[in-house]
Amino acid sequence: PNWASLNIRLGMQVDVALARPAKSLGNWRSRLRDLWNVAGVADASTGLPSITSHYGYFMSAWHLVLAISGQQAHIPEGWLRFDPTVEPPFALPVFLPGFAGSLRCSTSGSYELFVFVGTLPGLKLGAGGCDYPGMSPITAAGGRLAWECSGKQ
C-alpha cells in the first residue's frame, strides 16, 4: 500500500498504482483471510507471512485514501484542501480527528462535503482548485456544504 500511495502522490494514475498492491492485499483478504496480521514480506512460494508481521502494519492501506483524495489539512491555520487524483464524478472519504465525511463532485464541477460523524469547524475549503466561497460554517453530523465552479480558479 505504501508503494501505491507514494506513487499516486507522485502523479501515477490511480489504477496503475493500485495494481501492484492488489496481489498482496488480495492474498491477505481472500486467501489468508487475516487483515489483522499483514506482513511486510510474504513467502513467494506459499504466500504466508515471513517478515515484519505486525497487527498494525495493515494500517498503511489508509495512506491510499488520503493519496487518492489529495486531502491536506492544517486545522490550526484553518484550511482543508483536496486535490483528487480521480476524475469526476466521485465520492471520496474524508477523515480528520473527530470527523468523518465524504467529498463528492459531479461532472459539472459542483462539490458537496457531507458530515457523517463529528463537527467540521469553520475552515477555508478547496477541492480541485475550486474554493468554497468564504469560510465554511461550522457543520455538525448530518450537515452538508455545497459549492460550484464553472472553471478552475
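Look up: the structure comes first, before these words.
Remember, it's a predicted structure, so these values are computed and weren't measured experimentally.

(A) Examining helix H3 (residues 62–69) more closely. Taken residue by residue, H3 has Leu-64, Ala-67, Ile-68 and Ser-69 as its buried positions. In the core, the buried residues of H3 are packed alongside helix H1 (2–9), helix H2 (14–31), strand S4 (79–82) and strand S5 (90–96). Phi turns positive one or two residues past the end of H3, at Gly-70, with a value near 65 degrees.

(B) Local environment of the pattern of salt bridges. Throughout the structure, instances matching the rule amount to one salt bridge. In this structure, Arg-144 engages Glu-112 in a salt bridge whose closest nitrogen and oxygen atoms are separated by 2.6 Å. Remark: Glu-112 occurs in strand S7 (residues 110–120) and Arg-144 occurs in strand S11 (residues 144–148); sequence separation between them is 32 residues. Classification of Arg-144 by relative accessible area gives partly exposed; the value is 46%.

(C) Just the state of the cysteines, in detail. Summed over the entire model, instances satisfying the criterion amount to one disulfide. Paired through a disulfide, Cys-130 and Cys-149 show a sulfur-sulfur distance of 1.8 Å. Its S-S torsion of about 90 degrees marks the bond between Cys-130 and Cys-149 as right-handed, since a negative value means left-handed. With Cys-130 in strand S9 (residues 130–131) and Cys-149 in the segment after S11, this pair connects stretches of sequence that are 19 residues apart. Of the residues examined, Cys-130 reaches a relative accessible area of 2% and is grouped as buried.

(D) Representation of the environment of Gly-134 within the structure. Relative to the elements of secondary structure, Gly-134 occurs in the loop between S9 and strand S10 (139–140). With 103 residues separating them in the primary sequence, Gly-134 and Arg-31 have C-alpha atoms 50 Å apart.

Quick notes on the rules
- Residues numbered from 1 in each chain as written.
- Predicted model: local features only at pLDDT ≥ 70, side-chain atom pairs only at ≥ 80, totals over all residues.
- Heavy atoms only, no water.
- Buried < 20%, exposed > 50% of the residue type's maximum accessible area, 1.4 Å probe, protein only.
- Helix = DSSP H or I, 4+ residues; strand = E, 2+ residues; numbered from the N terminus.
- Contact = heavy atoms within 4.5 Å.
- Salt bridge = Lys/Arg side-chain N within 4 Å of Asp/Glu carboxyl O.
- Disulfide = S-S within 2.5 Å.

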